[in-house]
Amino acid sequence: MLVITSVATDTRVVREAATLAGAGYEVHVIGRGVPLDWVAPVGVTVSSVGGASVFQKAGAPVGGGRVLPVHLRAARWALLPQHRASAFAAWARAARGDAGDRAFDVVHAHDFNTLELGAELARERGVPLVYDTHELWSGRPRVGRPTPVRSVREARAEAELGRRAAAVLTVGQGIAEALRRRYGWPHVTVVHNSFPRGTAAEDVPLPTSPVGAVYAGRVAPYREIEAIVAAARQLPGLEISLVGPSDDTYVAALDRGPARLREALPVDEVDALLRRAGLALVTHSDRWENHRLAMPNKLFHAVRAGVPVVATDVRELARVVREHGLGTLYRPGDPESLAAAVREAIARYPELTDNVRAAEPLLSWEHDAEVLLGVYATLAEKPADPSAP
């Protein structure tokens, strides 16, 4: 597997790798910045390779947790696309060297920034390529100056390399339909970012009525954090928590109001926090197409914890919440609507918790693991590259 993340906090990569290892596959993950003390699942090995760019040394923080002066913010905005491209290229060179001496029968490339390398390795070894796109890459939020030429090149490369992949995986039906429509790919399969059933926090009882609401995810732009903070001011007596890794520059400028900001916690501890509070906030903006199609793992985490959600009324997320009656919805960017949705969820709490419990079997990793293993079972029957002779 190839992924430009620390692996340790990438629940999708870890869960897929552990599932494949449990089914008898030998799995090695090449990541970036993997903590030295992190222990991989049984049967999974991990290596960590570079990823510095000409603009930033490996491991150096961006922004340093302070608000940058205007001229430095402008420079960062202008140079960010080059920084990212440089970092991706540096990682790819190091990852290619890491993969060179390894034996493998499948290349599993996570997201577009590993796809080109994955396709090269698969072609050189004559093995199948699995492209696992965690989002609609061409529709994702853009931070930094616009790069229209690069965006067109990336879309063309994704179309061609994805067409040649033996299988394409993605996180939700909305993105799958967009990929089929945009690129004509017939071989897209949905494997949700779901969680295994059961939780170490099962002994933490749900409240009879919610006492808080928890946002568990990255604290950064385009996640409706400002709406959450503004809504918290309208919900006295209800503790609103923001829990997860954060964009230091963003957080330094954020007026948190009564919302409590907490560092990232292990999954089981987040389960317990969700259950003690009683409600999960599953929020993101509708500014980008990727947001309108996304199926955030926060939704599945809430289902695992057994708590109803208050979610943004955006396309794919709203469809699933409505289909299973998992919670209430609010208009994106509207704190008053968010506060009203929280009050509605409190009023309907027994009904919503019953709905979450009923939906859990279908929205759990046990279901998605079977889908993943089914895809892998077919790889031996497919050519490594449909364009190869």
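Residues numbered from 1 in each chain as written. Predicted model: local features only at pLDDT ≥ 70, side-chain atom pairs only at ≥ 80, totals over all residues. Heavy atoms only, no water.

Looking at the packing of aromatic side chains
Selection criterion: Centres within 6.5 Å are what make two rings of Phe, Tyr or Trp a pair, Trp counting through its six-membered ring; a difference in plane orientation under 30 degrees is then read as stacked, over 60 as edge-to-face, and the rest as tilted. Secondary structure elements are taken from DSSP: a helix is a run of H or I of four residues or more, a strand is a run of E of two residues or more, and numbering for both begins at the N terminus. Only protein chains enter the accessibility calculation, which uses a 1.4 Å probe. A residue is then buried if its area is under 20% of the maximum for its type, exposed if over 50%, and partly exposed in between. Put simply, a charge is over a ring when the Lys NZ or the Arg CZ is close to the ring centre, within 6 Å, and near the line of the ring normal, within 35 degrees.
All told, the structure shown has three aromatic pairs when counted by the stated rule. Between the aromatic rings of Tyr 25 and Tyr 376, the centroid separation amounts to 5.4 Å while the plane-to-plane angle is 70°, which identifies the pairing as edge-to-face. Within this pair, whereas Tyr 25 is found in the loop between α1 (11-22) and β1 (27-32), its partner Tyr 376 is found in helix α14 (residues 365-378), the two being separated by 351 residues in sequence. A residue is classified by how much of its surface remains accessible, and Tyr 25, at 34% relative accessible area, is partly exposed. An angle of 40° between the planes, with centres 4.8 Å apart, marks the rings of Tyr 183 and Trp 185 as tilted. An identical accessibility class is assigned to Tyr 183 and Trp 185; each is buried. Ring-pair connections join several aromatic residues into one group, and the members of that group are Tyr 131, Tyr 183 and Trp 185. If you follow Arg 15 out to its NZ or CZ, it ends over the ring of Phe 195, 4.4 Å from the centre.

Quick notes on the sheet that holds strand β5 (residues 167-170)
Which entries qualify depends on this criterion: We call two strands paired when DSSP finds no fewer than two bridges between them. Only the stretch in contact is used when fitting a helix axis, every axis being a line fitted to C-alpha atoms; angles between N-to-C directions are given from 0 to 180 degrees. In this analysis, two residues are considered to be in contact whenever any of their non-hydrogen atoms come within 4.5 Å of each other.
Here four strands make up an open sheet; going across it, the order is β3-β4-β5-β6 and the pairing parallel. Two strands bound the open sheet, and with one partner strand each, they are β3 (107-110) and β6 (188-190). When the angles between neighbouring strand axes are averaged without regard to direction, this sheet yields 25°. Sheet topology places β3 next to strand β4 (residues 129-133); four bridges connect them, and they run parallel. Within β4, the residue paired with His 110 across the bridge is Asp 132. In the packing of α14 onto the sheet, contacts are made with β3, β4, β5 and β6, and the angle to β6 comes to roughly 155°.

Overview of the pattern of salt bridges
To be explicit about the condition: Salt bridge criterion: a side-chain nitrogen from Lys or Arg within 4 Å of a carboxyl oxygen from Asp or Glu.
Counted according to the given criterion, the structure contains 19 salt bridges. Its salt-bridge partner being Glu 289, residue Arg 182 comes within 2.9 Å of it at the nearest N-O pair. In this pair, Arg 182 sits in helix α5 (residues 173-183) while Glu 289 sits in helix α9 (residues 289-293), placing the two residues 107 residues apart along the sequence. Assessed through its relative accessible area of 25%, Glu 289 is described here as partly exposed. The salt bridge partner of Arg 304 is Asp 271, with a shortest N-O separation of 2.6 Å. Taken together, the residues Arg 304 in helix α10 (residues 297-305) and Asp 271 in helix α8 (residues 267-277) connect sequence positions 33 residues apart. No difference in accessibility class separates Arg 304 from Asp 271, as the two residues are buried. Connected through salt bridges with shared partners, the residues Arg 12, Glu 16 and Asp 132 form a single ionic network.

What to know about the layout of surface pockets
This is how it is decided: Using protein atoms alone on a 1 Å grid, points that fit a 1.4 Å probe yet trap it form a cavity, whereas open point sets bounded by protein on both sides within 12 Å along at least five of seven lines form a pocket; residues with an atom within 4 Å of a point count as lining. Grid points are joined across faces, edges and corners, and a volume is the space filled by probe spheres set on the points.
Roughly 590 Å³ of volume is contained in the second largest pocket. What lines the second largest pocket is a set of 20 residues, and nearest its centre among them are Glu 26, Val 27, His 28, Phe 104 and Val 106. Residue assignment for the lining of the second largest pocket shows that the elements contributing at least two residues are β1 and β3. With three residues, β1 is the largest single contributor of residues to the lining of the second largest pocket.

What about the environment of Gly 325?
By the secondary structure assignment, Gly 325 is in the loop between α11 (315-324) and β12 (327-330). Looking at Gly 325, the relative accessible area reads 17%, which means it is buried. Taking the C-alpha atoms as reference, Gly 325 lies 9.7 Å from Ala 358; in sequence the two are 33 residues apart.

Concerning the sheet that holds strand β8 (residues 239-243)
If you trace the six strands from one edge of the open sheet to the other, you get β9-β8-β7-β10-β11-β12, paired in parallel fashion. On the outer flanks of this sheet lie β9 (260-262) and β12, each paired with one strand and no other. On average, adjacent strands in this sheet sit at an angle of 25° to one another, irrespective of strand direction. Strands in contact with helix α6 (residues 225-232) are β7 (212-216), β8 and β10 (278-282); relative to β8, the strand with the most contacts, it is inclined by about 160°.

Re the nonpolar core
Selection rule: Remark: nonpolar core denotes a set of buried residues (Ala, Val, Leu, Ile, Met, Phe, Trp, Tyr, Cys) joined through side-chain atoms within 4.5 Å.
The biggest cluster of nonpolar side chains holds 34 residues, and the ones touching the most others in it are Trp 91, Val 107, Leu 129 and Leu 179. Of all the elements in the fold, those that place two or more residues in this core are α2 (70-100), β3, α3 (115-125), β4, α5 and β6. With near-sequence residues (within four places) excluded, Val 107 lies in contact with Leu 2, Gly 118, Leu 121, Ala 122, Val 127, Pro 128, Leu 129 and Val 130. Among the nonpolar cores identified, the runner-up in size contains 29 residues, and Leu 273, Ala 305, Leu 326 and Val 356 belong to it.

Some details on the packing of α1 against α14
Spelled out, the test is: By convention, the crossing between two helices is left-handed when the near helix turns anticlockwise from the far helix through less than a right angle, and right-handed when the turn is clockwise. Gly counts as polar in this scheme, as do all residues outside two lists: the nonpolar Ala, Val, Leu, Ile, Met, Phe, Trp, Tyr, Cys and Pro, and the charged Asp, Glu, Lys and Arg.
Following both chains from N to C, one finds α1 and α14 inclined at 65°, their axes separated by 10 Å at the closest point. Helix-helix and strand crossings are classified by hand; for α1 and α14 the assignment is right-handed. Counting all contacts with α1, which are made through Arg 15, Glu 16, Thr 19 and Leu 20, the residues of α14 involved are Trp 365, Ala 369, Leu 372, Leu 373 and Tyr 376. For the contact of α1 with α14, the class distribution of residues is six nonpolar, one polar and two charged.

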